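# Topology and contacts: notes
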Amino acid sequence: MSSNIQVTKTCENCGEQFEAKTLVTRYCSHTCNRRHYKKRKREEKLQRFEEKKSQSVLQLPDVNYEALGAKEFLSLKEAAVLIGVSERTLYRLMERGSLEANKIGRRTIIRRSAIDKLFK
């Protein structure tokens, strides 16, 4: 909405004075508008990254280790949590033959004795 009035404003991006033709104008040019938008989006992305980083630092899943230790057969996720490695590492151990695992349908089951044998 344009009018005949001219208001002296300060650009939110570069800080320079300019004559605005509307009361809601915030930037001196389209270039300053784009630059400020990119800067704002970059800062939001960094803030989300920092929040995610602070949430994931040393945040272990709520696991009952005593119950896992008492189980005879473990799923891949349970074995990974019990040993303290990723599931991918377990797959590598199985490919090398260091860890015995059995498939029941689509599930991969690891015997507790196989994990004990891995550390002996």
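In what follows, the structure referred to is the one given above.
Just so it is clear, the model here is predicted, and its values are computed rather than measured. (Residues numbered from 1 in each chain as written. Predicted model: local features only at pLDDT ≥ 70, side-chain atom pairs only at ≥ 80, totals over all residues. Heavy atoms only, no water.)

### So, the overall build of the protein
Along the protein, the regular secondary structure elements total five helices and five strands. Taken from N to C terminus, the helices and strands of the protein fall in the order β-β-α-α-β-α-α-β-β-α. Overall, the protein is about 85 × 25 × 25 Å in size when its C-alpha atoms are taken along their principal axes. Counting every position in the protein, which comprises 120 residues, the buried fraction comes to 18%. Averaging the locations of the 26 positively and 15 negatively charged side chains of the protein gives two centres separated by 6 Å. (Helix = DSSP H or I, 4+ residues; strand = E, 2+ residues; numbered from the N terminus. Buried < 20%, exposed > 50% of the residue type's maximum accessible area, 1.4 Å probe, protein only. Lys, Arg positive; Asp, Glu negative; His and termini not counted. Charge placed at Lys NZ, Arg CZ, Asp CG, Glu CD.)

### Re the pattern of salt bridges
All chains considered together, the criterion is met by six salt bridges. The salt bridge involving E78 is made with K71; its shortest N-O contact spans 2.6 Å. For K71, a relative accessible area of 35% gives the class partly exposed. For K117, the salt bridge goes to E100, with nearest N and O atoms at 3.3 Å. Of this pair, K117 sits in helix α5 (residues 112–118) while E100 sits in the loop between α4 (87–96) and β4 (102–104), placing them 17 residues apart in sequence. Each of the two residues, K117 as well as E100, counts as exposed. (Salt bridge = Lys/Arg side-chain N within 4 Å of Asp/Glu carboxyl O.)

### Side note on the pairing of strand β5 (residues 107–111)
The pairing of strand β3 (residues 73–75) with β5 spans three bridges and is classified as antiparallel. Paired with F73 across the bridge in β5 is R111. Here three bridges tie β4 to β5, and the two strands are oriented antiparallel to one another. Paired with K103 across the strands is T108, a residue of β5. (Pairing = 2+ DSSP bridges.)

### Digging into the pairing of strand β1 (residues 7–10)
Of the pairings in the sheet, the one linking β1 to strand β2 (residues 17–20) comprises four bridges and is antiparallel in character. When the bridges of β2 are listed, T8 appears paired with E19. Linkage of β1 to β2, two consecutive antiparallel strands, is achieved through a turn of six residues, within which G15 is found at a positive phi near 85 degrees.

### Concerning the sheet that holds β4
If you walk across this open sheet you meet the three strands as β3-β5-β4, and the pairing is antiparallel. Looking at the sheet topology across the chains shown, the edges are occupied by β3 and β4. Between one strand and the next, the sheet's axes are offset by a mean angle of 40 degrees, whatever the strand orientation. (Axes fitted to C-alpha atoms, helices over the stretch in contact; angles between N-to-C directions.)

### Examining the side chain of T22
Relative to the helices and strands, T22 resides in the loop between β2 and α1 (30–56). A polar contact of 2.5 Å, which involves the side chain of T22, links it to the side chain of T25. (Polar contact = N/O pair within 3.5 Å; in protein donor to acceptor, adjacent residues only side chain to side chain.)

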